[in-house]
Structures are given as C-alpha cells and as structure tokens.
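Given next are the chains, with one letter for each unit.
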Amino acid sequence: MTAKDVVVGSAIGLHARTAGIISDAAAKFDEEITIAVEGEEPVNATSALLIMSLGVEEGQSVRVESDYVAAVNTIAALFDRDLDADLL
C-alpha cells in the first residue's frame, strides 16, 4: 500500500465542486483509492459525498492511499492545488 500525506490547498476546503473534481479523477483508476483525516475512517475517493463528509478545510492534512503509486500521486496533487482558483 502506498500512502501520501498532503495539505489541502483549496481556499475554502473540500466542498461539492472540489470534491467532484477529486472523485472524477479517482474514478479513472481501477484500483481502490482512499482518503482519510487523522482519527477518522478512510473514505472511498470516488465518492464526492464521502469526501465532503470529511469536513476538510484549507491547510488540513489528508492521507491518500492506494496500491497504485500513480493513483496516489495524481489524487495527492489535486489536494495540494487550490482547485477553486483553477476554476476561475
């Protein structure tokens, strides 16, 4: 299992639009990808609703895990960016 901790860069955290971008990217991989915050159970990265349920804010750390290194790197890179600014 490969894991990467990353700080959320989106200015207003993970809301519907940013969670949707992440879940759409995760759905492109066949391997399971999970996202977790410290002290909470991991959630499936292909579900925008589950991602939003984590209540992640800007600057908070999340852990991305998968058996596939490229999946972890791809999803972690999305968390690292300000996805809201990318949409403007």
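Structure shown above.
None of the values given here were measured: they were computed from a predicted structure.

**Student:** So what about the packing of helix H1 (residues 16–26) against helix H3 (residues 69–80)? Which residues, and what values?
**Tutor:** The geometry of H1 relative to H3 is characterised by a closest axis approach of 10 Å and an angle of 170° between their N-to-C directions. On the basis of their axis angle, the class for H1 and H3 is roughly antiparallel. Contact with H1, carried on its side by Ile21, Ile22, Ala25 and Ala26, involves Ile75, Leu78 and Phe79 of H3 and no other residues of that element. Among the residues forming the contact of H1 with H3, the class breakdown is 7 nonpolar, no polar and no charged.

**Student:** Tell me about the side chain of Ser23, residues and numbers included.
**Tutor:** Mapped onto the elements of the fold, Ser23 is located in helix H1. Dropping the residues within four chain positions of it, Ser23 is found in contact with Ala45, Thr46, Ser47, Ala48 and Ile51.

**Student:** Describe in detail the nonpolar core, supporting the description with residues and values.
**Tutor:** One finds Ile22, Ile33, Ile35, Val62, Val64, Ile75 and Phe79 to be the most contacted residues of the largest nonpolar core, which totals 25 residues. Those elements that place two or more of their residues in this core are H1, strand E2 (33–36), strand E4 (61–66) and H3. In terms of residues, this core owes the most to one element, H3, which gives 6 residues. Setting aside residues no more than four positions away along its own chain, Ile75 makes contact with Ile22, Ala25, Ala26, Ile33 and Val64.

**Student:** Summarise the sheet that holds E4; cite the residues concerned and give the values.
**Tutor:** Reading across the sheet, the 4 strands line up as E1-E4-E2-E3 and stay open at both edges, with antiparallel pairing between neighbours. Across the chains shown, the open sheet's two edge strands, defined by having one partner strand only, are strand E1 (2–7) and strand E3 (43–44). Bridge count between E2 and E4: 4 bridges; the pairing is antiparallel. The residue bridging Ala36 from the neighbouring strand is Arg63, located in E4. The strands touched by H3 within the sheet are E1, E2 and E4, with E1 carrying the most contacts at an inclination of about 5°.

**Student:** Help me get a handle on the side chain of His15, residues and values and all.
**Tutor:** One can find His15 in the loop between E1 and H1. On the accessibility criterion, His15 (18% relative accessible area) is buried. Setting aside residues no more than four positions away along its own chain, His15 makes contact with Met52 and Asp84.

**Student:** How would you sum up a negative patch on the surface? Please name residues and give values.
**Tutor:** Where like charges cluster on the molecular surface, the negative patch consists of Asp30, Glu31, Glu32 and Asp67. Among the residues examined, Asp67 registers a relative accessible area of 60% and is labelled exposed.

**Student:** Pulling in residues and values, what's your account of the pattern of salt bridges?
**Tutor:** Under the definition given, this model contains 1 salt bridge. Notably, a salt bridge pairs Asp5 with Arg63, separated by 2.8 Å at the nearest N-O pair. Placement of Asp5 in strand E1 and of Arg63 in strand E4 is noted, with a sequence separation of 58 residues between them. Using a relative accessible area of 46% as the deciding quantity, one classes Asp5 as partly exposed.

Basis of the calculations
Residues numbered from 1 in each chain as written. Predicted model: local features only at pLDDT ≥ 70, side-chain atom pairs only at ≥ 80, totals over all residues. Heavy atoms only, no water. Axes fitted to C-alpha atoms, helices over the stretch in contact; angles between N-to-C directions. Helix = DSSP H or I, 4+ residues; strand = E, 2+ residues; numbered from the N terminus. Parallel < 35°, antiparallel > 145°, perpendicular 65-115°, else oblique. Contact = heavy atoms within 4.5 Å. Nonpolar A, V, L, I, M, F, W, Y, C, P; charged D, E, K, R; others polar. Core = buried A, V, L, I, M, F, W, Y, C linked by side-chain atoms within 4.5 Å. Buried < 20%, exposed > 50% of the residue type's maximum accessible area, 1.4 Å probe, protein only. Pairing = 2+ DSSP bridges. Patch = residues over 30% accessible without salt bridge, like charges linked within 9 Å, V, L, I, M, F, W, Y side chains within 5 Å. Areas by Shrake-Rupley, 256 points an atom, 1.4 Å probe, with all protein chains shown as cover. Salt bridge = Lys/Arg side-chain N within 4 Å of Asp/Glu carboxyl O. Lys, Arg positive; Asp, Glu negative; His and termini not counted. Charge placed at Lys NZ, Arg CZ, Asp CG, Glu CD.

It is worth stressing that arrangement in space is one thing and function is another; only the former is reported here.
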